[in-house]
Amino acid sequence: MGNSVGIVGGGAAGMMAAITAARRGAKVTLIEGNDRLGKKILATGNGKCNLGNEKLGMEAYYTKEPELLKNCLNRFGTAQTIAFFQELGVMVKSKNGYLYPFGGQASIVLDALRFAVRELGVDVVTDCKIGRIDRIDRIEKKRHSGQVYLQGSGKEFCFDGVILACGSQAAPKTGSDGSGYRLAGQLGHGIIPVVPGLVALKCREDYFRSVAGVRAEAILSVYWRGECVAQEQGELQLTEYGISGIPVFQISRIVNYLLKEEAGLAGGKQSGLGQGRGNLLTKGIEVELNLLPDSVLGNLEKIREGRNPEQGQKTVEEFFTGILHKKLMLLFIKLAGLKPSEPVSAADREKIEQVYRLCSHWKVHVIGSGSYENAQVCAGGVPLGEVTEDLESKKVSGIYFAGELLDVDGKCGGYNLQWAWCSGYLAGNAAALRKGKRF
């Protein structure tokens, strides 16, 4: 008879772990706090489920243990993900390296996972939130023969091995309530501070309402203590409170950790991180926006060649028409201290130069981010250094971790789901096949 394996969390990583362990002959119980499995999967990839990426590399991930992560991804990478879903009957297509179900619906992926869980005889327990985890030899419940004890929602369980795949705090409406961190803490694990990741950023400047809704290709550079610490390029989206879009999501976890550090240096709590307008004790993290990524230096000069402020009867607004979105040019004109309606021939030449500079060196100050409700993932969690290459706890044997609960977060593009499949597979395989059954 195979091992009994309990899995806490019925999301992407949890279902992968359940399917893998059941295929290895384990008796599997999948425990989910929601009324059904995989609720968060439906929201991935804007409902299309970007389930992986052909360009899988360490540059797409953040973790304090890159070698261990690399080892994991080498054992279960993109090729294994494609093969797994094809085995489940899901046709996979690539769009510029981004992997999606051929039918273009996240529900296709979720249905295939649910069908596999059912066909393999996995015992699914829903509406059950686990609040306690412990070793069987530390509690007085001798009637149980298993080694790991779980308790929650009026139910008790004992298993030979347990996989914690509870997710993070991101998107709590889908059931991610951070409970996994508390369970890990009960086992003696540390938690690397958690911040929202892949989320929009809030800025100190009060003029963003005037440019809300504008989209523009941009290079974003994050500055900390005078040095550029991160850079991304892509389509920037301006909101009423700040900046959003893929390149912003990519830098958000870096900025949120800098905000956390800056708040500590300022000697106060950061009231706004992930909540509101940010910590008023700090000036914010400077982000420079280059809205002319293909027109810097020489190309920008070409744009300026046909714009002689000495000639013609144009107003300042008319003079700058055609460079960027009208709302942006009006904002830059205002920030430079000019009036849109004044004759450009009479305008201050240094202020005209300032408008040009703002097009490629627009500096804003980030003071907070969107909340966990708006974040796609979280950064931080259980340190990878506290688990083995099979993702088993180094503190309590028989306990495994998978998914976002661990200190691994990826950039946009299917990388976070790839980690869910990878870690779920490795933990499920190891829990089903582990020997020794002792603490």
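Refer to the structure above for everything that follows.
Quick notes on the rules
Residues numbered from 1 in each chain as written. Predicted model: local features only at pLDDT ≥ 70, side-chain atom pairs only at ≥ 80, totals over all residues. Heavy atoms only, no water. Axes fitted to C-alpha atoms, helices over the stretch in contact; angles between N-to-C directions. Helix = DSSP H or I, 4+ residues; strand = E, 2+ residues; numbered from the N terminus. Left-handed = near helix turned anticlockwise from the far one by under 90°. Contact = heavy atoms within 4.5 Å. Pairing = 2+ DSSP bridges. Core = buried A, V, L, I, M, F, W, Y, C linked by side-chain atoms within 4.5 Å. Buried < 20%, exposed > 50% of the residue type's maximum accessible area, 1.4 Å probe, protein only. Salt bridge = Lys/Arg side-chain N within 4 Å of Asp/Glu carboxyl O. Parallel < 35°, antiparallel > 145°, perpendicular 65-115°, else oblique. Nonpolar A, V, L, I, M, F, W, Y, C, P; charged D, E, K, R; others polar.

S.K.: Just checking my understanding: could you explain the packing of helix α1 (residues 12–23) against helix α11 (residues 415–433) for this structure?
M.R.: A pair of packed helices can be characterised by two numbers: the angle between their axes and the separation between those axes. Remark: α1 packs on α11, axes separated minimally by 7 Å, with the N-to-C direction vectors making an angle of 35°. Considering the relative orientation of α1 and α11, their crossing is right-handed. Residues Ala 12, Ala 13, Met 16, Ala 17, Thr 20 and Ala 21 of α1 lie in contact with α11, whose contacting residues are Leu 417, Ala 420, Trp 421, Ser 423, Gly 424, Tyr 425, Gly 428, Asn 429 and Ala 432.

S.K.: Quick question: what am I supposed to make of the sheet that holds strand β9 (residues 148–152) here?
M.R.: Across a sheet, strands are paired by hydrogen bonds formed along the backbone, either parallel or antiparallel in direction. Spatially, three strands are ordered β8-β9-β10 in an open sheet, and the strand pairing comes out antiparallel. Edge strands, defined here as strands with exactly one partner in the open sheet, are β8 (132–135) and β10 (155–159). The average angle at which neighbouring strand axes cross in this sheet is 20°, direction not considered. Bridge count between β8 and β9: four bridges; the pairing is antiparallel. Across the sheet, the residue bridging to Arg 132 is Gln 151, located in β9.

S.K.: Please explain the nonpolar core as it appears in this structure.
M.R.: The tendency in soluble globular proteins is for nonpolar side chains to be buried side by side. Counting residues in hydrophobic clusters, the biggest one holds 86 residues, and the most contacted among them are Leu 164, Trp 419 and Trp 421. The element best represented in this core is α11, accounting for 11 residues. In this structure, Leu 201, Ile 323, Ile 352 and Trp 362 belong to the second largest nonpolar core, which totals 49 residues.

S.K.: What's the story with the sheet that holds strand β5 (residues 92–95) in this structure? I'm lost.
M.R.: The three strands lie next to each other as β3-β6-β5, forming an open sheet whose pairing is antiparallel. The strands lining the two open edges of the sheet, one partner per strand, are β3 (52–53) and β5. The sheet contact formed by β5 and strand β6 (residues 98–101) spans four bridges and is antiparallel. Opposite Ser 94, over in β6, you have Leu 99 as the bridge partner.

S.K.: How should I be thinking about the pattern of salt bridges in this particular structure?
M.R.: Here the idea is simple: oppositely charged side chains can pair when their charged atoms come close. Inspection of the entire model under this criterion finds 14 salt bridges. One salt bridge in this structure joins Arg 132 and Asp 134, with 3.6 Å as the shortest N-O distance. Of the charged contacts, one joins Glu 240 and Arg 209 as a salt bridge, the two residues approaching to 3.5 Å between their closest N and O atoms. Of this pair, Glu 240 sits in the loop between β15 (227–238) and β16 (242–244) while Arg 209 is found in the loop between β13 (201–203) and β14 (215–224), placing the two residues 31 residues apart along the sequence. A residue is classified by how much of its surface remains accessible, and Glu 240, at 49% relative accessible area, is partly exposed.

S.K.: Just to check I follow, could you spell out the packing of helix α2 (residues 66–75) against α11 for this structure?
M.R.: For the pair α2 and α11, interaxial distance at closest approach is 9 Å and the crossing angle is 85°. Comparing the axis directions of α2 and α11 gives the class roughly perpendicular. Packed against α2, whose contacting residues are Leu 69, Cys 72, Leu 73 and Arg 75, the element α11 presents Gln 418, Trp 419, Cys 422 and Leu 426 at the interface. Class assignment for the residues of the contact of α2 with α11 results in six nonpolar, one polar and one charged.

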